[in-house]
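# Structure at a glance
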Amino acid sequence: MSTSAPERISAIDAARARRETPGCAEVVHLNNAGAALMPAPVLDRVVSHLRLEARIGGYEAAAREAAAIEAVYSSAARMLGCDPGEIALVDSATRAWMTAFYAIPFRPGDRILTSSAEYASNFIAYLQLAQRYDLSVEVVPNDESGQLSVLALRELIDDRVRLISLTHIPTNGGLVNPAAEVGQVAREAGVLYLLDACQSAGQLPLDVEAIGCDLLSITGRKYLRGPRGTGLLYVRREVLDDLSPPMLDLHSATWVARDRYEVRPDARRFETWESNIAAGLGLGAALDYAMGWGLAAIRDRVYQLGEDLRERLSDLPGIRVHDIGRERCGIVTFTAAGMPPLQVKELLAGHGVNVSVTRTPSTRLDMEARGLEELVRASVHYYNADADLDLLCRILRDRNR
Ligand SMILES: *Cc1c(COP(=O)(O)O)cnc(C)c1O
């Protein structure tokens, strides 16, 4: 039996977090791994910039807010422990990941080492370049807990390994992969390391030095609570010139003579000129807002709520939790006997409770290995209340009445 959450869970003032989240008055939101509810300061930042654009013009608004736009890079750098020149602001985690991945100068015979938790988009890109460059894509086995086996990774290293590419927190399964231990292997071997931190950003502290990654991709809308259509890429300064951006424009490069261009010296060579400035400023507000709570405090509460939910669900008849890994996050996946995941989602939606359904094509290797096809995914955030979990569990318990 769970005791009441607030006194047991971290330093976060959940009541304040809820007051600052307009959506908490409307829905019970347990789809934070899909898109979390924006807090008021994020929403206000986006809307106020759109209003400014409408009033004085888009270019003029950007000029007036130039310092604030620069500050978004500084906020991202502060959160990740890097330099602002190592940040590119883009429109999604996929865009960030892809521009980095397709910039790697692969040679025939190169090996890519990856995880069984890999996100579909990443794996599709491996397959495409594997065909194009005759690469070998190899999946590092998991250990008995379900996380990537660092031991097995170490044994796979040789001088043909060009890239270690890992999903930190997969879209399903609750798992947190050992990103920093992998970073140690990558550094010792001198191998490029790309981390998909899409689900971890905003959920736990991410320090690129501690992790040891060279490239890291993040989305704005998930645990960071930013607006949709935002993402960012971190590129370690030392690897910047080894990469060739797959696309260049007049922002990422300058046309300096009829037959010559010069690429920007910083990570913004991975951006394009046009961007949604309002959304970018909203992302900055989300980064600042998350750091205001503290990423360690956020992690503690999210992990605790996740554990509470797993325990409660496991106590319900016919409910089976399917999470794996040693370290488990706020993403909780389960099935309900006699009710397909989509029907569970619709039942919950009828009571104002948002969850999502995760299917094989999103994380095929993992789902197939575990003999799963579809799971309900309830992903908690620090602003979720104990009452949210109560309601979810009550609906599930009474589902056949
Ligand atoms: C959601 C997700 C992505 C894609 O993020 P977008 O912002 O939608 O591009 C990438 N990797 C993982 C692990 C994800 O969960």
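- For the protein, the name recorded in an unreviewed UniProt entry is Selenocysteine lyase/cysteine desulfurase, with Pseudonocardia kunmingensis as its organism.
- Under the heading Sequence similarities (unreviewed entry), UniProt records this for the protein: "Belongs to the class-V pyridoxal-phosphate-dependent aminotransferase family."

## Some details on the nonpolar core
- Counting residues in each nonpolar core, the largest one holds 85 residues, and the members touching the most others are Leu80, Ile87, Tyr193, Ile218, Leu313 and Leu392.
- By residue number, the principal contributor to this core is helix H13 (residues 295–314), which donates 8 residues.
- Residues lining this core come from more than one domain, with at least three contributed by each of domain 1 (5–39 + 294–397) and domain 2 (43–292).
- The residues touching Leu313, leaving out its near neighbours within four places in the chain, are Ile319, Val321, Val332, Phe334, Leu392, Cys393 and Leu396.
- Judged by nonpolar contacts, the second largest core, of 28 residues, contains Met98, Tyr126, Leu129 and Leu163.

## Describing helix H14 (residues 341–350)
- When we look at burial in H14, the residues that qualify are Pro341, Val344 and Leu348. Taken around the axis of H14, the buried residues stretch over an arc of 55 degrees, which confines them to a single face. More than 90 degrees from the buried face of H14, the exposed residues found are Glu346 and Gly350.
- Looking at the buried side of H14, the elements it contacts are strand E12 (331–336), strand E13 (353–354), strand E14 (356–359), strand E15 (374–379) and helix H16 (386–397).
- Where H14 ends, the next residue or the one after it, Gly352, has phi of about 75 degrees, a positive value.

## A word on the sheet that holds strand E5 (residues 161–167)
- Reading across from one edge, E2-E8-E7-E6-E5-E3-E4 is the order of the 7 strands in this open sheet, with mixed pairing throughout. If you trace the sheet from one side to the other, it starts and ends with strand E2 (87–90) and strand E4 (136–140), each paired once. Adjacent strand axes in the sheet meet at a mean angle of 20 degrees, parallel and antiparallel pairs treated alike.
- Here 5 bridges tie strand E3 (residues 111–115) to E4, and the two strands are oriented parallel to one another. Paired with Ile112 across the two strands is Val137, which belongs to E4.
- Contacts from helix H7 (residues 120–133) reach E3, E4, E5 and strand E6 (192–196) within the one sheet, and its direction differs from that of E4 by about 145 degrees.

## Quick word on the site of the ligand
- Taken together, 13 residues lie near the ligand, and Thr94, Asp196, Thr219, Arg221 and Lys222 sit nearest.
- A distance of 2.4 Å separates an oxygen atom of the ligand from a polar atom in the side chain of Thr94.
- In the environment of the ligand, an oxygen atom lies 3.1 Å from a nitrogen or oxygen atom belonging to the side chain of Gln199.
- Coverage of the ligand by the protein amounts to 92% of the 390 Å² it exposes when considered alone.
- Its residues assigned to classes, the shell around the ligand shows 4 nonpolar, 6 polar and 3 charged.

## Things to note about helix H3 (residues 40–56)
- With 17 residues, H3 ought to run about 24 Å at 1.5 Å a step, and its terminal C-alpha atoms sit 24 Å apart, in line with that.
- Those residues of H3 hidden inside the fold are in contact with helix H4 (58–64) and helix H12 (277–293).
- The positive-phi residue at the C-terminal boundary of H3 is Gly57, with phi of around 110 degrees.

## Examining the layout of surface pockets
- For the largest pocket, the calculated volume is near 870 Å³.
- Residue lining of the largest pocket: 37 residues in total, with Thr272, Trp273, Glu274, Ser275 and Ile277 positioned closest to the centre.
- When residues of the lining of the largest pocket are traced back to their parent elements, those giving at least two are H4, helix H5 (66–80), E2, helix H6 (93–101) and H12.
- Counted by class, the lining of the largest pocket contains 18 nonpolar, 10 polar and 9 charged residues.

## A closer look at the packing of aromatic side chains
- On inspection of all chains with the given rule, the structure shows 10 aromatic pairs.
- Look at Trp97 and Phe101: their rings are 4.9 Å apart centre to centre, the planes differ by 20 degrees, and that puts the pair in the stacked class. Here the residue Trp97 and the residue Phe101 both occupy positions in helix H6, the gap between them amounting to 4 residues, near one helical turn. Of the two residues examined, Trp97 and Phe101, each falls in the buried class.
- Aromatic rings pair up to connect Trp97, Phe101, Tyr102, Phe106, Phe123 and Tyr126 into one cluster.
- The positively charged end of Arg16 is found above the aromatic ring belonging to Trp293, 4.1 Å away from the centroid.
- Directly above the ring of Tyr73 sits Arg268, whose terminal nitrogen or CZ lies 3.6 Å from the centroid.

Definitions and cut-offs
- Residues numbered from 1 in each chain as written.
- Predicted model: local features only at pLDDT ≥ 70, side-chain atom pairs only at ≥ 80, totals over all residues.
- Heavy atoms only, no water.
- UniProt positions renumbered as here; feature names shortened; annotations may be inferred.
- Core = buried A, V, L, I, M, F, W, Y, C linked by side-chain atoms within 4.5 Å.
- Buried < 20%, exposed > 50% of the residue type's maximum accessible area, 1.4 Å probe, protein only.
- Helix = DSSP H or I, 4+ residues; strand = E, 2+ residues; numbered from the N terminus.
- Domains from an automatic or database assignment.
- Contact = heavy atoms within 4.5 Å.
- Arc of directions from axis to C-beta.
- Pairing = 2+ DSSP bridges.
- Axes fitted to C-alpha atoms, helices over the stretch in contact; angles between N-to-C directions.
- Near = heavy atom within 4 Å.
- Polar contact = N/O pair within 3.5 Å; in protein donor to acceptor, adjacent residues only side chain to side chain.
- Areas by Shrake-Rupley, 256 points an atom, 1.4 Å probe, with all protein chains shown as cover.
- Nonpolar A, V, L, I, M, F, W, Y, C, P; charged D, E, K, R; others polar.
- Expected span 1.5 Å × (residues − 1).
- 1 Å grid on protein atoms, 1.4 Å probe; cavity = no way out; pocket = protein on both sides within 12 Å on 5 of 7 lines; lining within 4 Å.
- Points joined across faces, edges and corners; volume = space filled by probe spheres on them.
- Phe/Tyr/Trp six-rings, centres within 6.5 Å; stacked < 30°, edge-to-face > 60°.
- Lys NZ or Arg CZ within 6 Å of the ring centre and 35° of its normal.

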